[in-house]
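Here is what each chain is made of, one letter per residue.
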Amino acid sequence: MARRLHASTIPASRVLPSPDVLDFERLQRLHSLVLLKDVIRKWFGLELSFADPTGRVVGRTEETIVPPQNDFCRLSLFAKEGYSRCSQSVRVLSEKAAGQGKLRSPACHDCHLGFEVLGAPISIDGEGCGTVFVEGYARRQPTGADAETLKLKLAEVTLGAVSTNLDRAIEKLPVLSPTDETRLSDLLELAVGEVTLASQPRRGAQRFGELVGTSEPMAELVRLLEKVCPSDATVLIEGESGTGKELVARAIHANGPRAQKAFVVQNCSAFNDELLESALFGHLRGSFTGAIQDKKGLFEIADGGTFFLDEIGDMSPALQVKLLRVLQEGIFTPVGGTEPRQVDVRIIAATHKDLKAMTSSGQFRQDLYYRINVIRVRVPPLRERREDVPLLAEHFLRKLSLARGVPPKQLSAETLGALVQHDWPGNVRELQNEMERMLVLGTDHAVLTPDLLSSRFRPQDEGPDREEIGSKAGRLRSALEAVERDVIAQGLERTRNNRSRLARELGISRSNLLYKIQKYKLD
Ligand SMILES: Nc1ncnc2c1ncn2[C@@H]1O[C@H](COP(=O)(O)OP(=O)(O)OP(=O)(O)O)[C@@H](O)[C@H]1O
Ligand SMILES: [Mg+2]
């Protein structure tokens, strides 16, 4: 029932040719890959590895062996013949994985010792750049006979020169169930995704990569940003709370000529006037009680770079005058000082208020408004780009899982349906918070089911549908429920009512399965 989603970012207008050789050393140090490696090591006792397009294992030469988890593999690798056969297995896997034509989807291969090697191709702009893989696990606990065969195969490549206690090595072998393998497959797919993303040319697909969404309002926003970025013009970003204003400001800076210089943020509503003035312009020693030494203002720190003035609508009229001066002449005077200072700063301002209306009521200076409002960027609220909800949800799940060092989870189709149908206000942060909540509550769920949603998102179980939207939502919901009921009913029959096994097979917790059995009156 679970639907797989792929985070997609907005394609950029220019795509540069792909690098022929990936910088694996750098890739392996990527935060996300370090976390993934760690998860795979802890959960499965396996080592996430890379091979180049010729199948050569990165970081492994005959002199330096990246020690694998599995003693048999390790012993075999230290022998010349074993090393060569193992490399051969990886090469075959690489070819197999690349040849199956399914992007990012892992393939499996038996190695010379009879263990499994599981890997997925890395392809950038249609060109094979290598393989991400794990090697050396078994699909079932070896029997006595298996153990004897294994020892013989190992002796064949080591010429019998093994003194380690192999019985202990047998006990420690990583054995993966089909479910484990599926999960591992998902993690490998994720690893390939991370590698691909990190290997895109900077100005190519990576551009505005943080801004998730393929809806028309987002595409329009990106088109505007493409024009805005190269210039040095002042930008006013408008949008409701939590719609991504700061994210847009950062994107403008990161993709503009000042990208290598500072990006400084100040929220103008966070402080009282005096403190804000001192934060912006700095102060001289003794200019007020507590000013025990000179302090640089943020305008000076931002010199050469970009200054993001958040919630500019909350700035007092007195400070508005001083800001206007910086914008007009590029100069300001620190608190308690007399000498004006010169700076070169690009200003990006943001507000969730209607500044134009505020100029009419005299709360915001008209001259400042015109100075700031050179280029206006409106960030669309989520309700205007509902079709981005699945992408955003998956994006947040991925990001948050990585940050917590846990394998990524999927939303069940039903959960996704509920999220898409939710009457979204403008706020993207609300969706992010909900995903975080689901991850916390669903630690033991592989698939995040609707019962984990906060009540305001949860589809109502009973009761007549409200209006027309409600009834459409209701139809989708009952269709999904009918499928789910079928899957569970058939599963109960197949497993002869073995609920623990069925829960495992479905990738849900036992208690969740029991809840569903009761809900669908299947007992
Ligand atoms: N298009 C998007 N793609 C990915 N993440 C997004 C997007 N829009 C918003 N977010 C995320 O939502 C959260 C809120 O975004 P941000 O802080 O930029 O909004 P804001 O408009 O500045 O909010 P506030 O009004 O509360 O200051 C952030 O974690 C941000 O990364
Ligand atoms: Mg903000």
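These remarks concern the structure in this document. These figures come from a predicted structure and were not determined experimentally. (Residues numbered from 1 in each chain as written. Chains lettered and ligands numbered in written order. Predicted model: local features only at pLDDT ≥ 70, side-chain atom pairs only at ≥ 80, totals over all residues. Heavy atoms only, no water.)

**Here's the deal with the side chain of T158**
Move 1: Within the fold, T158 resides in helix α5 (residues 144–158).
Move 2: Residue T158 is classed as buried on the basis of its relative accessible area, which comes to 10%.
Move 3: Among the polar contacts listed, one links the side chain of T158 to the backbone oxygen of L154, at a separation of 2.8 Å.
Move 4: Every residue in contact with T158, bar those within four places of it in the chain, is listed here: L75, S76 and A79. (Helix = DSSP H or I, 4+ residues; strand = E, 2+ residues; numbered from the N terminus. Buried < 20%, exposed > 50% of the residue type's maximum accessible area, 1.4 Å probe, protein only. Polar contact = N/O pair within 3.5 Å; in protein donor to acceptor, adjacent residues only side chain to side chain. Contact = heavy atoms within 4.5 Å.)

**A closer look at the sheet that holds strand β6 (residues 263–267)**
Move 1: Pairing is parallel in the open sheet, where five strands are placed in the order β6-β9-β12-β5-β13. Edge positions in the sheet fall to β6 and β13 (375–378), since each of these pairs with one other strand and no more. Across this sheet, the average inter-strand angle for adjacent strands is 20°, counted without regard to direction.
Move 2: Note: β6 against strand β9 (residues 306–310), five bridges, orientation parallel. Opposite N267, over in β9, you have D310 as the bridge partner.
Move 3: Contacting β5 (235–238), β12 (346–351) and β13, helix α8 (residues 216–228) crosses the sheet at an angle of about 150° to β13. (Pairing = 2+ DSSP bridges. Axes fitted to C-alpha atoms, helices over the stretch in contact; angles between N-to-C directions.)

**A few points about the sheet that holds strand β2 (residues 107–110)**
Move 1: Pairing is antiparallel in the open sheet, where four strands are placed in the order β1-β4-β3-β2. Edge strands, defined here as strands with exactly one partner in the open sheet, are β1 (49–51) and β2. On average, adjacent strands in this sheet sit at an angle of 35° to one another, irrespective of strand direction.
Move 2: Bridge count between β1 and strand β4 (residues 127–137): three bridges; the pairing is antiparallel. Paired with S49 across the bridge in β4 is F133.

**A closer look at the site of ligand 1**
Move 1: Close to ligand 1 lie 19 residues, the nearest being V212, G242, K245, R429 and Q432.
Move 2: In this structure, T243 approaches ligand 1 through a main-chain N or O atom, which is 3.3 Å from an oxygen atom.
Move 3: At 2.7 Å, a side-chain N or O of Q432 approaches an oxygen atom of ligand 1.
Move 4: Protein contacts shield 88% of the accessible area of ligand 1, which totals 630 Å² for the unbound molecule.
Move 5: Every element with two or more residues in the shell around ligand 1 is listed here: α9 (245–254), α15 (389–404) and α17 (428–441).
Move 6: Within the shell around ligand 1, the residues separate by chemical class into seven nonpolar, six polar and six charged.
Move 7: A domain split of the shell around ligand 1 shows at least three residues from each of domain 2 (216–379) and domain 3 (386–519). (Near = heavy atom within 4 Å. Areas by Shrake-Rupley, 256 points an atom, 1.4 Å probe, with all protein chains shown as cover. Nonpolar A, V, L, I, M, F, W, Y, C, P; charged D, E, K, R; others polar. Domains from an automatic or database assignment.)

**A few points about the packing of aromatic side chains**
Move 1: A full pass over the atoms with the stated rule returns nine aromatic pairs.
Move 2: Measuring from centroid to centroid gives 6.2 Å for F299 and F332, while their planes differ by 35°, and the two rings are tilted. In this pair, F299 sits in helix α11 (residues 298–301) while F332 sits in strand β10 (residues 331–332), placing the two residues 33 residues apart along the sequence.
Move 3: Given the relative accessible area of 0%, F299 is considered buried.
Move 4: Residue F332 is classed as buried on the basis of its relative accessible area, which comes to 2%.
Move 5: Aromatic rings pair up to connect F281, F299, F307 and F332 into one cluster. (Phe/Tyr/Trp six-rings, centres within 6.5 Å; stacked < 30°, edge-to-face > 60°.)

**Re the nonpolar core**
Move 1: Counting 30 residues, the largest nonpolar core has L48, V134 and L184 as the members making the most contacts within it.
Move 2: For this core, the secondary-structure elements that each account for two or more residues are α1 (24–28), α2 (31–44), β3 (116–124), β4 and α7 (178–199).
Move 3: Element by element, the count of residues in this core is highest for α7, at eight residues.
Move 4: Excluding its chain neighbours within four sequence positions, the residues that come into contact with L184 are I40, F44, L46, L118, V134, Y137 and L176.
Move 5: By size, the runner-up hydrophobic cluster in this structure holds 29 residues, among which are L298, F307, L327 and M358. (Core = buried A, V, L, I, M, F, W, Y, C linked by side-chain atoms within 4.5 Å.)

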